[in-house]
Every structure is written in C-alpha cells, then in structure tokens.
Amino acid sequence: MKLLIEDKFPTIDVRTTKGDMTLPDEFAGHWFVFFSHPGDFTPVCTTEFVAFQKRAESFAALNTKLIGLSVDDIDDHRAWVTWIQHNLQVGVEFPIIDDKNRSISLQLGMLRSDQAGSVTARSVIVVDDRAVVRTILEYPKELGRNMDEVVRIVKGLQLFDATHLMAPANWPHNEIIGDNVLVLPSTKLTDSEIAEQHVTQLSDWFRYRQPA
C-alpha cells in the first residue's frame, strides 16, 4: 500500500521505545508527524533527530506529536538515543518504532518491496487530528530534511482548517504578498466584507489578506 493525501492513516500496532502503541489511536485528538529514517547510528539521521527534538516545543504548541521509525530494532534505537544524549546533550523524547521485520515500512510504502533488505527512505507523513493524511514528503538517504519546513506545513494546514485561507509559497516570507495569506478563489465576498477583512484584490481569483 502507498498512502495518499486524504487517506485515513491505517490502524497499526507498533512496538516503540516508549512502549506498545496502536496508531493512530495513540494520538487521538492530536496531529502527528510520522517519519522514517534510513538507520540508527548514521550521521544524517542523527542530525535529523536532534533537529526534530529541538523543535518539539514548536510541534507541541501546534498540538502535534512526533513518532519515528527505522528498520532497526528497539535495542539499537535505545542505544542510539543514549549516544545522542551523552555526546550531543539532547534527550530524544519522542517514540521510535521497532520495524526490524520491515512490515510497517513496506505497508506504508517507505521501503521498496524489491529492496526489502535495504534501508527506509526519509519519509514524512503529516496526519491531522481526524487521522487523515494531509502531507507526504520523501527524501533520499543522502539528503537531510528541513524540520522548519515540517513545522511550516503543520502551521499552514491548521491555518487552512481554521480559516479556509491558503498559505502561499515560502509563507510567511512570500515574494509577492509577504506574510499575508490567500483567499480561496471560490469564496464569495461582498464589498463590505472585502473592506472589513482588508482584502487586497489583484484579480477575482488572486486575493489576499492578513491571517487574523
């Protein structure tokens, strides 16, 4: 199975460094970022785990949990987390899934079925508080992820859910409209609503305003 945006995240029983869990039930009422990494005790993955942990408060402020996965076993995960703590002075607090039999990676499309002995891709699945998949990203093993972009994705999706306003490219630093956000082209606004909401119109389909 390859997950697609708008799919329901499947029910999966997992063994993690924080105990056994059933996903997505474990995070009911929360958003969560489910991400895979190629392997423990590898340099790029280590930088990613530190980066995710250093943004844990930013994710928490967005009602968002983190959970990682690789094809290593739970003992390797725990030893690696200990290494990070001792050598980099960062305590990894989020759970990491043991997928040594590769079943979850294959089920979620994080590992090619014809390369079952290989490592998982750097996949990111953003799931909302209704357990609906909202974003899927995938990176090769040689390129580390930008965690600020993952935070931005969650912020932008939550903004849309709350206001039906869309985040432009590079938001909140867009080259055309700065930190403003875009009004859906299908949204009908009266002249008074346009004035009250301080909507700027470049055309009937390109309209923007401040998010709040």
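See the structure above.
Let me sum up the structure you'll find in this document. (Residues numbered from 1 in each chain as written. Predicted model: local features only at pLDDT ≥ 70, side-chain atom pairs only at ≥ 80, totals over all residues. Heavy atoms only, no water.)

### Quick word on the environment of G68
Positionally, G68 belongs in strand β4 (residues 64-70). The spacing of G68 and P95 is 27 residues in sequence and 6.4 Å in space, taken between C-alpha atoms. (Helix = DSSP H or I, 4+ residues; strand = E, 2+ residues; numbered from the N terminus.)

### Overview of empty space enclosed by the protein
If you walk through the whole model with that rule in mind, you get one cavity of 30 Å³ or more. One number sums up the size of the largest cavity: a volume of about 60 Å³. Classifying every residue of the lining of the largest cavity by side-chain character gives five nonpolar, two polar and two charged. (1 Å grid on protein atoms, 1.4 Å probe; cavity = no way out; pocket = protein on both sides within 12 Å on 5 of 7 lines; lining within 4 Å. Points joined across faces, edges and corners; volume = space filled by probe spheres on them. Nonpolar A, V, L, I, M, F, W, Y, C, P; charged D, E, K, R; others polar.)

### Topic: the sheet that holds strand β11 (residues 207-209)
Sheet strands associate in pairs through backbone hydrogen bonding, adopting either a parallel or an antiparallel arrangement. As summarised here, the arrangement of the four strands in space is β8-β9-β11-β10, forming an open sheet in which the pairing is antiparallel. Lying at the two open borders of the sheet, with one neighbouring strand each, are β8 (165-166) and β10 (200-201). Pairing of β10 with β11, which is carried by two bridges, proceeds in the antiparallel orientation. When the bridges of β11 are listed, T200 appears paired with Y208. (Pairing = 2+ DSSP bridges.)

### Side note on the side chain of T16
Mapped onto the elements, T16 comes out in strand β1 (residues 12-16). Among the polar contacts listed, one links the side chain of T16 to the backbone oxygen of G19, at a separation of 2.8 Å. When sequence neighbours within four positions are dropped, the list of residues in contact with T16 reads M21, I67, I74, R78, P95, I96 and I97. (Polar contact = N/O pair within 3.5 Å; in protein donor to acceptor, adjacent residues only side chain to side chain. Contact = heavy atoms within 4.5 Å.)

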